[in-house]
Amino acid sequence: MSQMNLRNMSVAFGIAGILCAASAQAQVDKKQAKEDWKALSALCAKYQDEFQSESACKKKGAAVYDEWQAWKKEFEPLVATFKSRYGPRHIEVGEKFEGLEKPLDVRFDAWQAANIAYDLDLAREEQRFAEWAVKWGKDAHRTATQLKAEDREKVERKLTRAEEAVRYFKLAKQWNPAGDYDEYIEQSQALVEEVKPLWKKALDELTWPGHNADFTGPGQPDELAAAALDFLRKNPTWSKPEYDDEHTPVAACVTATTWEVSKKAPLTEQPTQYSLDVLVAFTGKSDPELVYVYNMVLYTREEAGVPKEPPFHFANSRQYACYRMLKAKLPAQ
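A brief structural summary.

### Let's talk about the packing of aromatic side chains
- In the structure shown here, the tally under the stated rule is 25 aromatic pairs.
- Where Trp68 meets Phe129, the ring centres are 4.9 Å apart and the plane angle is 80°; that geometry is what we call edge-to-face. Residue Trp68 is located in helix H4 (residues 63–86), and its partner Phe129 is located in helix H7 (residues 122–146); the two are separated by 61 residues in the primary sequence. Here Trp68 matches Phe129 in class, with each residue buried.
- With centroids separated by 4.4 Å and ring planes inclined at 15°, the aromatic side chains of Trp71 and Phe75 adopt a geometry described as stacked. On the criterion of helical spacing, the pair formed by Trp71 and Phe75 is a turn pair, its members being four residues apart in helix H4. Assigned by exposure class, Trp71 and Phe75 land together as buried.

The structure is reproduced here in structure tokens:
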């Protein structure tokens, strides 16, 4: 075959390819394609951000199961629609979407979203969730068994971790009904029943400490506690509460001996912010007889020459320094 004929064939094939691509593009409803693109990209982003991360799933706890089911209810039919409209392979999707402007709020190119979605094995993902839940349950059960029940300050954490183990093992069974988790659930429930009476005894012994008698000021403890409650009522979005419930501040007492320097100016070393330790009790909705008690730190505003006094500007709780107690043990409101 002559060089001329080869060149002519090459040109012909190139033109045919362009015509095929143009034909494929012409078949795509651009408005619908963009809507499908947005929807699939959003679901893929949610999968990567919330379901692919073990830590993110653990934070959700039992709620992750319902969220996954809701996500899957949207995901499965959309993937089927995407395949039928744009092709069963991500390469074909790339061809169909070639030349379409990427929407501003879309993370993935159309072919990337298809590549993620088409490769997802949902049954395998659910097995992975079950394995995570078992691991969390074993960790919680191990911690619960290691904590000494004789230690009144740790008995609540022992109960909480045992209850978490039950929830995690039940979650594993929910993800994988055929899995053999009954023995794990039974052992954790037995530990819960063993610890509950000890925790109730500790509850009876817990009392509200009141203000620290050694507080040196400046400021009157009653007034400082009232200012702390006022701030927390107006600013409910302080660092995330460790108890999963509504939190309404109802009582406070100053536990510090003095104000602490929280921040200093880098050159002069002069204080620019002070903090005060305050114990705060919050009511919730899950049990009207109990309150959540947190060791909290409240901070002044940050500026040169700031005084040791309210108004408070920020607050957070000390991690793990919280417990439940009987609401009846609080001072009269």
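### Notes on the packing of helix H5 (residues 90–97) against helix H6 (residues 110–119)
- Across the interface, H5 lies against H6 with an axial gap of 8 Å and an inter-helix angle of 155°. Taken together, the axes of H5 and H6 lie roughly antiparallel to each other. When the axes of H5 and H6 are compared, the crossing they make is right-handed. Along its contact with H5, which presents His90, Val93, Gly94 and Phe97, the element H6 presents Ala110, Trp111, Ala114, Asn115 and Tyr118.

### Observations regarding the state of the cysteines
- Summed over all chains, the structure comprises zero disulfides.
- For Cys44, which is in no disulfide, the shortest distance to another cysteine sulfur is to Cys57 and amounts to 16 Å.
- We classify Cys44 as buried; its relative accessible area is 1%.
- Cys322 provides the cysteine sulfur closest to Cys253, a residue in no disulfide bond, and the two sulfurs are 15 Å apart.

Parameters at a glance
Residues numbered from 1 in each chain as written. Predicted model: local features only at pLDDT ≥ 70, side-chain atom pairs only at ≥ 80, totals over all residues. Heavy atoms only, no water. Phe/Tyr/Trp six-rings, centres within 6.5 Å; stacked < 30°, edge-to-face > 60°. Helix = DSSP H or I, 4+ residues; strand = E, 2+ residues; numbered from the N terminus. Buried < 20%, exposed > 50% of the residue type's maximum accessible area, 1.4 Å probe, protein only. Axes fitted to C-alpha atoms, helices over the stretch in contact; angles between N-to-C directions. Parallel < 35°, antiparallel > 145°, perpendicular 65-115°, else oblique. Left-handed = near helix turned anticlockwise from the far one by under 90°. Contact = heavy atoms within 4.5 Å. Disulfide = S-S within 2.5 Å.

Interpretation note: all reported values are geometric properties and have no functional meaning in isolation.
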